[in-house]
Amino acid sequence: MKIALIASNRKRDQIFPPHLLDQLAQHGELAINEGGNTPEDILPVMKDADVVITCWGSPHLTKEYLDAAPNLKLILHAAGTVAPIVDEEIWRRGIRVVCAGIAMARGVAEVTLGLMISASKDFFRLNDQIHAGGWQNGVERTVVDLYDITIGIIGGGMIGKQVIQLLKMYEVDIVVYDPYITEEACQEMGVRKVELEELLRISDIVSLHASAIPETYHMINAQTLKLMKKDAGLINTARGMLIDEKALYEHMTAGNLRFACLDVTDPEPPLFDNPLRKLSNVIFLPHIAGVVNNGLLRLGRHVIKELELFEAGKPAIHEITEDIMFRIGRN
């Protein structure tokens, strides 16, 4: 078996350090792209490959690339969404596509939980206050524990499920809005399925984990924000396009919402004149909820696990099929 690693991005060495490259090489002849991501760089590496490993920065695998590997059976994407690399020609040729999104999901879920705790306990304001010489000013009004409150999860996919799992350590009520999951699935997770309007009305914290598809564009807007509790919190570790940021600013400057935590914005980075930058109860992160630094190892290890399952003829952990592409978005 020939394995072509065409991830020329600088993160490749963090995803596949030498010891993981050695593990890959144990499964077959390993060819590595050491150049850029032009056809001249990629095609010789892909030639006659049975398995191709892609990542951020890998090219869109059109017919030109696929023709170089007529026996290609599997594409392993060491990143989240496969949209940047998947071409319709892949489905026509019956090539399987597997991604490492589930390996990223845990990191996103952990950051989400961290934001829920830190924002609810008012860490950010209290830190600024202490630096300025203060101490416990206002803690009776602003500090809230993750206890006996309702948390609304919008999107019950991989990340949403991981967040729910982490929240099981806390005595909180969890409600979920996701048109693609069943009542039975929610019951198995120990959560209650509700419509979006009810989730927004009853939740003390709303956490966004929906895909970036046309139906979710600006799902948090002037109308839906009005449904939320005045002192609720909003967390977005999904995609910036889910929120109408102008409407969010106007809603918060009118005295609504205790906090908004945004790991993602639209565009990224947020524009310098984005008025949300002026609000102290809007917490920005630079899109780090997934995997960075040592966390990137999760992706490499997941890819190797998927390769082992493929060789053993077993089902993949996270296979992407043509019929679910519309649900994972295009960015």
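Whatever comes next refers back to the structure up there.
Here we take up the overall build of the chain. Helix and strand content of the chain: 15 helices and 13 strands. A globule of 331 residues ought to have a C-alpha radius of gyration of about 20 Å, and the chain, at 22 Å, matches this closely. Over its C-alpha atoms, taken along the principal directions, the chain stretches across nearly 65 × 45 × 35 Å. Put simply, 64% of the contacts in the chain that link residues at least 6 apart link residues at least 24 apart. Separation between the mean location of the 33 positive side-chain charges and that of the 44 negative ones in the chain comes to 2 Å.

So, on to unusual backbone geometry. A cis geometry characterises the amide bond from Asp-266 onward to Pro-267, with omega recorded as 5 degrees. As for its position among the elements, Pro-267 is in the loop between strand S11 (259-262) and strand S12 (282-284). The backbone of Asp-122 shows a phi angle near 65 degrees, a positive value even though the residue is not glycine. The residue Asp-122 is located in the loop between helix H6 (101-120) and helix H7 (123-131) in this model.

Once that is clear, we can look at the pattern of salt bridges. With the rule as written, the count across this model stands at 17 salt bridges. One salt bridge in this structure joins Glu-110 and Arg-298, with 3.5 Å as the shortest N-O distance. Here Glu-110 is found in helix H6, whereas its partner Arg-298 is found in helix H14 (residues 297-311), with 188 residues between them in sequence. Owing to a relative accessible area of 36%, Glu-110 belongs among the partly exposed residues under this scheme. Among the charged side chains, a salt-bridge network with shared partners connects Lys-63, Asp-67, Glu-88, Glu-89, Arg-92 and Arg-93.

With that settled, the discussion passes to the layout of surface pockets. Within this model, the second largest pocket holds a volume of roughly 310 Å³. Lining the second largest pocket we find 13 residues, and of these Asp-122, Arg-125, Arg-258, Phe-259 and Asn-281 sit closest to its centre. The element contributing the most residues to the lining of the second largest pocket is H7, with four residues.

With that out of the way, let us pick up the sheet that holds strand S9 (residues 205-208). A sheet is described by the order of its strands in space; here seven strands give the open sequence S8-S7-S6-S9-S10-S11-S12, paired in parallel fashion. Only two strands of the sheet have a single partner each, and these edge strands are strand S8 (192-193) and S12.

With that out of the way, let us pick up the sheet that holds strand S5 (residues 96-99). Read across the open sheet, the six strands follow the order S2-S1-S3-S4-S5-S13; overall the sheet is mixed. Only two strands of the sheet have a single neighbouring strand rather than two, namely strand S2 (29-32) and strand S13 (319-320). With four bridges connecting them, strand S4 (residues 74-77) and S5 associate as parallel partners. From the neighbouring strand, Leu-76 faces S5, where its bridge partner is Val-98. Where helix H2 (residues 18-25) meets the sheet, its contacts fall on strand S1 (2-5), S2 and strand S3 (51-54), and the angle it forms with S2 comes to roughly 135 degrees. On top of the sheet, helix H3 (residues 39-46) reaches S1, S2 and S3; it is set at about 160 degrees to S1, its chief contact.

Right, let's get into the environment of Thr-253. With respect to the element layout, Thr-253 can be found in helix H13 (residues 245-253). At 3.1 Å, the side chain of Thr-253 and the backbone oxygen of Glu-250 are in polar contact.

The residue Thr-54 is located in strand S3 in this model. Taking the C-alpha atoms as reference points, Thr-54 and Ser-120, 66 residues apart in sequence, are found 39 Å from one another. Not counting chain neighbours up to four residues away, the residues in contact with Thr-54 comprise Ile-6, Ala-7, Leu-61, Ile-75, Leu-76, His-77, Ala-78 and Ile-85. In terms of polar contacts, Thr-54 uses its side chain to reach the side chain of His-77, at 2.7 Å.

So, on to the packing of H2 against H14. Between H2 and H14, the shortest axis-to-axis distance is 11 Å and the interhelical angle comes to 10 degrees. Considered as vectors, H2 and H14 are oriented roughly parallel to each other. Side by side, H2 and H14 meet where His-19, Leu-20, Gln-23 and Leu-24 of the first sit next to Leu-297, Gly-300, Arg-301, Ile-304 and Leu-307 of the second. For the contact of H2 with H14, a count of residues per class yields five nonpolar, three polar and one charged.

Calculation rules
- Residues numbered from 1 in each chain as written.
- Predicted model: local features only at pLDDT ≥ 70, side-chain atom pairs only at ≥ 80, totals over all residues.
- Heavy atoms only, no water.
- Helix = DSSP H or I, 4+ residues; strand = E, 2+ residues; numbered from the N terminus.
- Rg over C-alpha atoms; globule rule 2.2 N^0.38 Å.
- Contact = heavy atoms within 4.5 Å.
- Lys, Arg positive; Asp, Glu negative; His and termini not counted.
- Charge placed at Lys NZ, Arg CZ, Asp CG, Glu CD.
- Salt bridge = Lys/Arg side-chain N within 4 Å of Asp/Glu carboxyl O.
- Buried < 20%, exposed > 50% of the residue type's maximum accessible area, 1.4 Å probe, protein only.
- 1 Å grid on protein atoms, 1.4 Å probe; cavity = no way out; pocket = protein on both sides within 12 Å on 5 of 7 lines; lining within 4 Å.
- Points joined across faces, edges and corners; volume = space filled by probe spheres on them.
- Pairing = 2+ DSSP bridges.
- Axes fitted to C-alpha atoms, helices over the stretch in contact; angles between N-to-C directions.
- Polar contact = N/O pair within 3.5 Å; in protein donor to acceptor, adjacent residues only side chain to side chain.
- Parallel < 35°, antiparallel > 145°, perpendicular 65-115°, else oblique.
- Nonpolar A, V, L, I, M, F, W, Y, C, P; charged D, E, K, R; others polar.

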